[in-house]
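Architecture and fold: a report
For reference, the chains in residue letters:
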Amino acid sequence: MIDHEGPTPLYVQVADAIAARIDAGDLPPNRPIPSENQLVQEYGVARGTARKAIQLLRERGLVITVVGRGTYVAATNDGPTATR
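Residues numbered from 1 in each chain as written. Predicted model: local features only at pLDDT ≥ 70, side-chain atom pairs only at ≥ 80, totals over all residues. Heavy atoms only, no water.

**Side note on the nonpolar core**
Judged by nonpolar contacts, the single largest core of 21 residues is most densely connected at Val14, Ile18, Ile22, Ile33, Tyr43 and Leu57. At the level of secondary structure, the elements contributing two or more residues to this core comprise helix 1 (10-24), helix 2 (36-43) and helix 3 (47-59). Take this core: its biggest share by element is seven residues, from helix 1. Each residue touching Tyr43, except ones within four places of it in the same chain, is listed here: Met1, Ile2, His4, Val14, Ala17, Ile18 and Arg21. (Core = buried A, V, L, I, M, F, W, Y, C linked by side-chain atoms within 4.5 Å. Buried < 20%, exposed > 50% of the residue type's maximum accessible area, 1.4 Å probe, protein only. Helix = DSSP H or I, 4+ residues; strand = E, 2+ residues; numbered from the N terminus. Contact = heavy atoms within 4.5 Å.)

Written out as structure tokens, the structure is:
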């Protein structure tokens, strides 16, 4: 799933993988995404890479972070992320 040797930055690959899970409904709106620690374990990346991936998802409008609570899938009504 994640190509550690490819030209695409790892944080982009992780963000794309999470976005795909959101699109597929595996991560429904208003529910938490995996924590940084879980992303580190699941994708075999550094903590900074996981943090950057979450930041990219925030920039894309796919997730929101609530201080002290975690990062959640944003509630949207505008269709799949591919159209954003």
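**A few points about helix 3**
Compared with the 18 Å implied by 1.5 Å per residue over 13 residues, the 18 Å span of helix 3 between its first and last C-alpha is a close match. Among the residues of helix 3, Thr49, Ala50, Ala53, Ile54, Leu56 and Leu57 are the ones counted as buried. Looking straight down helix 3, one finds its buried side chains confined to an arc of 155°; they lie on one side. Summarising the contacts, the buried residues of helix 3 are in contact with helix 1, helix 2, strand 1 (63-66) and strand 2 (70-73). One or two steps after helix 3, the chain reaches Gly61, where phi turns positive at roughly 80°. (Expected span 1.5 Å × (residues − 1). Arc of directions from axis to C-beta.)

Note that all results are geometric; they support no functional claim without further evidence.
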